[in-house]
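Examination of the molecular architecture
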Amino acid sequence: MTQFTFDAPSVIRTKRDGGVLSDAAIDWVIDGYTHGRVHDAQMSALLMAIFLRGMTGAEITRWTAAMIGSGVRFDFTDLRRDGRPLRLVDKHSTGGVGDKITIPLVPVVMACGAAVPQAAGRGLGHTGGTLDKLEAIPGFTAELSKDRIRQQLQDIGAAVFAAGDLAPADRKIYALRDVTGTTESLPLIASSVMSKKLAEGARALVLDTKVGRGAFLPTEDEARRLARTMVDLGNDYGVPTVALLTDMDRPLGRAVGNAVEVAESLDVLAGGGPDDVVELTLALARAMLEAAGVDGVDPADTLADGRAMDAFRSLVAAQGGDLTRPLPTAAHVETITAPRGGTMGDIDAMAVGLAVWRLGAGRSAPGEQVQFGAGLTMHRRPGEPVAAGEPLFTLATDTPERMAGAIAELDGGWSVVDRAPDVGPLVLDEIR
């Protein structure tokens, strides 16, 4: 029997013209791109065709499976603590502005007795990446071998690591999406998230699916469909999965960037920090602990009594970081002040995310180094009182020529008003 040979232009044309890719075509193109037989320009064209034409549920399932199959799949089910299997659970966010939640969340869950194997990502488009933030800590490394990940899970209950050999096809595609305008695609988001998460060895998964202006999918209907798709993918692979729909109209917390978000996370771990960051950290922690089968413990107690901070220190030290050294700061700073007194109006998460990207906290090309000190601090949150002339935003960068573009992105994304804006709930719904 003669085996049909695919070629990239034919696969691209099929999706460009609204067709459905066969399982064999998907397997071929993912394998070909992973090993360099399909070129960046060709994959870029296919990603844009998927962005414009979408994918069926069967295509998304096969695309995800092909990306999982492009690398290794971790199995930590043999690990034990006190004679019992480790309760392995992870969380993933679909990407937000100021979304530093992983940094306080992982140590909270560690302190409650579960274990977190987290394959984390770098910045994508206007959203910040967990690894970029953690690598702002002097000495911290996310490049961990499988043996080291296993040892950390056994010894301290967590490892936050670059995907490495997990779904290497996704790593290449993820970087390409970042610079080709194809980030906001439901099929590509779902398959990217779940290929890494299903390969990393967690036995349960909680998804933080963002909704609003600063999310990749801004409408609640789109976000619900994304959450449903990912939950079904996880459950089909035998990994119990639940998704929280959470608000991303406004940035999370007051700090957006890399080092500035680490600093804010340390405030949360010390028992303080912005209310919304604390609220979402605890909501996700409770969902993760339930999914992992851990009961009888209140994650809020770990912030109050210092156990979460101790867990974070142990995680950072295990991965080479030194919290006694100062976090990076940027060389050039500008402040935007209030034009009049009143109340802080809405702050557009997308405007803030793009401003911080312009400052250098994100990438404009694959593999580009981010500025750890670049970022933005909001001195007033929506609904807080404002006095004329007081600082509202502080912007920081190492490259002053970036400042004007960042300020221009922020222009129109905030206001001072006479009446406090309506602020809805942070957690909108749960999907199982």
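The structure presented is a predicted model; accordingly, all values stated were derived computationally and were not measured. (Residues numbered from 1 in each chain as written. Predicted model: local features only at pLDDT ≥ 70, side-chain atom pairs only at ≥ 80, totals over all residues. Heavy atoms only, no water.)

Time to look at the domain arrangement of the protein. When the domains of the protein are assigned, the result is domain 1 (8–69), domain 2 (80–319) and domain 3 (332–417). In this assembly, 20 residues from domain 1 lie in contact with 26 residues from domain 2. Of the roughly 1,900 Å² buried between domain 1 and domain 2, counting both surfaces, carbon and sulfur atoms make up 77%. Ranking the residues of domain 1 by area buried against domain 2 places Leu47, Met67 and Ile68 at the top, with a combined share of 32%. Along the contact surface separating domain 1 from domain 2 lie 0 salt bridges. Counting only elements with at least two residues in the side of domain 1 that touches domain 2, the list comes to helix H2 (23–34), helix H3 (40–53) and helix H4 (57–69). (Domains from an automatic or database assignment. Contact = heavy atoms within 4.5 Å. Buried area = accessible area lost by both parts, 1.4 Å probe. Salt bridge = Lys/Arg side-chain N within 4 Å of Asp/Glu carboxyl O. Helix = DSSP H or I, 4+ residues; strand = E, 2+ residues; numbered from the N terminus.)

Read from one edge of the open sheet, 4 strands run E8-E11-E13-E9, paired in antiparallel fashion. Edge positions in the sheet fall to strand E8 (255–257) and strand E9 (332–337), since each of these pairs with one other strand and no more. Going across the sheet, the axis of each strand differs from the next one's by a mean of 15°, ignoring polarity. Strand direction decides the pairing type here: E8 and strand E11 (residues 375–378), joined by 3 bridges, are antiparallel. Residue pairing in the sheet places Val256 in a bridge with Leu376 of E11. Most of the contacts of helix H11 (residues 259–269) go to E8, to which it runs at about 140°, and overall it touches E8 and E11. (Pairing = 2+ DSSP bridges. Axes fitted to C-alpha atoms, helices over the stretch in contact; angles between N-to-C directions.)

Within this model, the largest pocket holds a volume of roughly 400 Å³. As for the largest pocket, its lining consists of 18 residues, of which Gly121, Arg122, Arg171, Tyr174 and Ala175 are closest to the centre. Element by element, the count of residues in the lining of the largest pocket is highest for helix H8 (residues 168–178), at 5 residues. Class assignment of the residues belonging to the lining of the largest pocket gives a composition of 8 nonpolar, 3 polar and 7 charged. Of the residues that make up the lining of the largest pocket, three or more belong to each of domain 2 (80–319) and domain 3 (332–417). The volume enclosed by the second largest pocket comes to roughly 340 Å³. Along the wall of the second largest pocket there are 16 residues; nearest its centre are Arg250, Asp275, Asp276, Arg381 and Val423. The class makeup of the residues in the lining of the second largest pocket is 7 nonpolar, 1 polar and 8 charged. (1 Å grid on protein atoms, 1.4 Å probe; cavity = no way out; pocket = protein on both sides within 12 Å on 5 of 7 lines; lining within 4 Å. Points joined across faces, edges and corners; volume = space filled by probe spheres on them. Nonpolar A, V, L, I, M, F, W, Y, C, P; charged D, E, K, R; others polar.)

Positive phi, close to 55°, is recorded for Asp82, a residue that is not glycine. Here Asp82 lies in the loop between strand E1 (80–81) and strand E2 (84–85). Located in the positive-phi region is Ala167, a residue other than glycine, with phi close to 40°. Structurally, the position occupied by Ala167 is in the loop between strand E5 (158–162) and H8. For Ala167, a relative accessible area of 1% corresponds to the buried category. (Buried < 20%, exposed > 50% of the residue type's maximum accessible area, 1.4 Å probe, protein only.)

In terms of burial, strand E3 (residues 89–93) is a largely internal element, 5 of the 5 residues being buried. Side chains Val89, Lys91 and Ser93 of E3 all project onto a buried face; the interleaved residues Asp90 and His92 project onto the opposite face, where all are buried too.

The buried count for strand E4 (residues 116–120) comes to 5 of 5 residues, which makes it a mostly enclosed element. Neither face of E4 is open: one carries Val116, Gln118 and Ala120, the other Pro117 and Ala119, and all of them are buried. Of the strand pairs in this sheet, E4 and E5 are connected by 5 bridges, and their pairing is parallel. From the neighbouring strand, Val116 faces E5, where its bridge partner is Ala158.

In this section: the packing of helix H5 (residues 102–111) against helix H12 (residues 275–292). Packing of H5 against H12 brings their axes to within 9 Å, and their N-to-C directions diverge by 40°. By the angle between their directions, the pair H5 and H12 is classed as oblique. When you trace H5 past H12, the crossing you get is right-handed. Taking contact as the criterion, the partners of Pro104, Leu105, Val108 and Val109 in H5 are, on H12, Thr281, Leu284, Ala285, Met288 and Leu289. Split by residue class, the contact of H5 with H12 holds 8 nonpolar, 1 polar and no charged. (Parallel < 35°, antiparallel > 145°, perpendicular 65-115°, else oblique. Left-handed = near helix turned anticlockwise from the far one by under 90°.)

On to the sheet that holds strand E6 (residues 204–211), then. Spatial ordering of the open sheet is given by E3-E6-E7-E15, a layout of 4 strands whose pairing is mixed. Only two strands of the sheet have a single partner each, and these edge strands are E3 and strand E15 (427–431). Shown here is a sheet whose adjacent strand axes are inclined to one another by a mean of 20°, direction ignored. With 7 bridges connecting them, E6 and strand E7 (residues 241–247) associate as parallel partners. By the bridge assignment, Val211 is partnered in E7 with Asp247. Here H12 sits on the sheet in contact with E3, E6, E7 and E15, set at roughly 150° to E6.

Grouped together as the largest cluster of nonpolar side chains are 73 residues, with contacts concentrated most on Val109, Phe393, Leu395, Leu410 and Trp414. The dominant element in this core, judged by the number of residues it contributes, is H12, at 10 residues. A domain split of this core shows at least three residues from each of domain 2 (80–319) and domain 3 (332–417). In contact with Leu395, not counting residues within four places along its chain, are His332, Val333, Glu334, Ile336, Leu359, Gly375, Leu376, Met403, Ala406, Ile407 and Leu410. Among the nonpolar cores identified, the runner-up in size contains 61 residues, and Leu21, Leu47, Met55 and Leu79 belong to it. (Core = buried A, V, L, I, M, F, W, Y, C linked by side-chain atoms within 4.5 Å.)

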